[in-house]
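Here is what each chain is made of, one letter per residue.
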Amino acid sequence: MAENMCEETSLGVVGVHVVISGVMWLLLWVIPWWRGLRTVRVLLAVAATVVLVLLPVRMFNWS
């Protein structure tokens, strides 16, 4: 029986994206709510969302 490691690879990619996005969202709670840091917080939230959106893009077989 051949093992193509498809499930393990898929779960690894999902796990990496979820962990990175989770860490970024946790950083949002660490950064103070000062008015001067609003841009940093917005950029971090957008980046965390992009990481999750890129998950299906990476999972799709483009070939």
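It should be noted that the structure appears before, not after, this text.
The numbers attached to residues start from 1 for each chain and follow its sequence in the written order. At least 70 in pLDDT is required for a residue's local features to be given in this predicted model, at least 80 for side-chain atom pairs to be given and counted, and no such filter applies to totals for whole chains, interfaces and linings, which use all residues. Only heavy atoms go into the side-chain values, all of them from the structure, while hydrogens and water stay out.

**Digging into the packing of helix H1 (residues 6-30) against helix H2 (residues 38-59)**
For clarity, the cut-off: Lines fitted to the C-alpha atoms define the axes, with helices restricted to the stretch that makes contact. Angles between their N-to-C directions range from 0 to 180 degrees. Going along the chain from the N terminus, every DSSP run of H or I of four or more residues is numbered as a helix, and every run of E of two or more is numbered as a strand. Oblique is the label for any angle not covered by the other classes, which are roughly parallel (under 35 degrees), roughly antiparallel (over 145) and roughly perpendicular (65 to 115). Whether two residues are in contact is decided by their heavy atoms: any pair within 4.5 Å suffices. Basically, the charged four are Asp, Glu, Lys and Arg, the nonpolar ten are Ala, Val, Leu, Ile, Met, Phe, Trp, Tyr, Cys and Pro, and anything else, Gly included, counts as polar.
At their nearest, the axes of H1 and H2 sit 9 Å apart, and the two run at 170° to each other. Viewed along their axes, H1 and H2 adopt a mutual orientation that is roughly antiparallel. In this structure, H1 uses Ser-10, Val-13, Val-14, His-17, Ile-20, Ser-21, Met-24, Trp-25, Leu-27, Leu-28 and Trp-29 to contact H2, whose residues at the interface are Arg-41, Leu-44, Ala-45, Ala-47, Ala-48, Thr-49, Val-51, Leu-52, Leu-54, Leu-55, Arg-58 and Met-59. Residue composition of the contact of H1 with H2, grouped by class: 17 nonpolar, four polar and two charged.

**Brief notes about the nonpolar core**
To be explicit about the condition: Among the buried residues, those of types Ala, Val, Leu, Ile, Met, Phe, Trp, Tyr and Cys that are joined through side-chain atoms within 4.5 Å form a nonpolar core. Summary of the burial criterion: residues with accessible area below 20% of their type's maximum are buried, those above 50% are exposed, and those between are partly exposed, where the area comes from a 1.4 Å probe applied to protein chains only.
By size, the foremost hydrophobic cluster in this structure holds seven residues: Met-24, Leu-28, Ile-31, Leu-44, Ala-45, Ala-48 and Val-51. Counting residues per element, this core draws most heavily on H2, which supplies four residues. Those residues in contact with Leu-44 that lie beyond four places of it in its chain are Met-24, Leu-27, Leu-28 and Ile-31.

So yeah, pure geometry; function would need other evidence.
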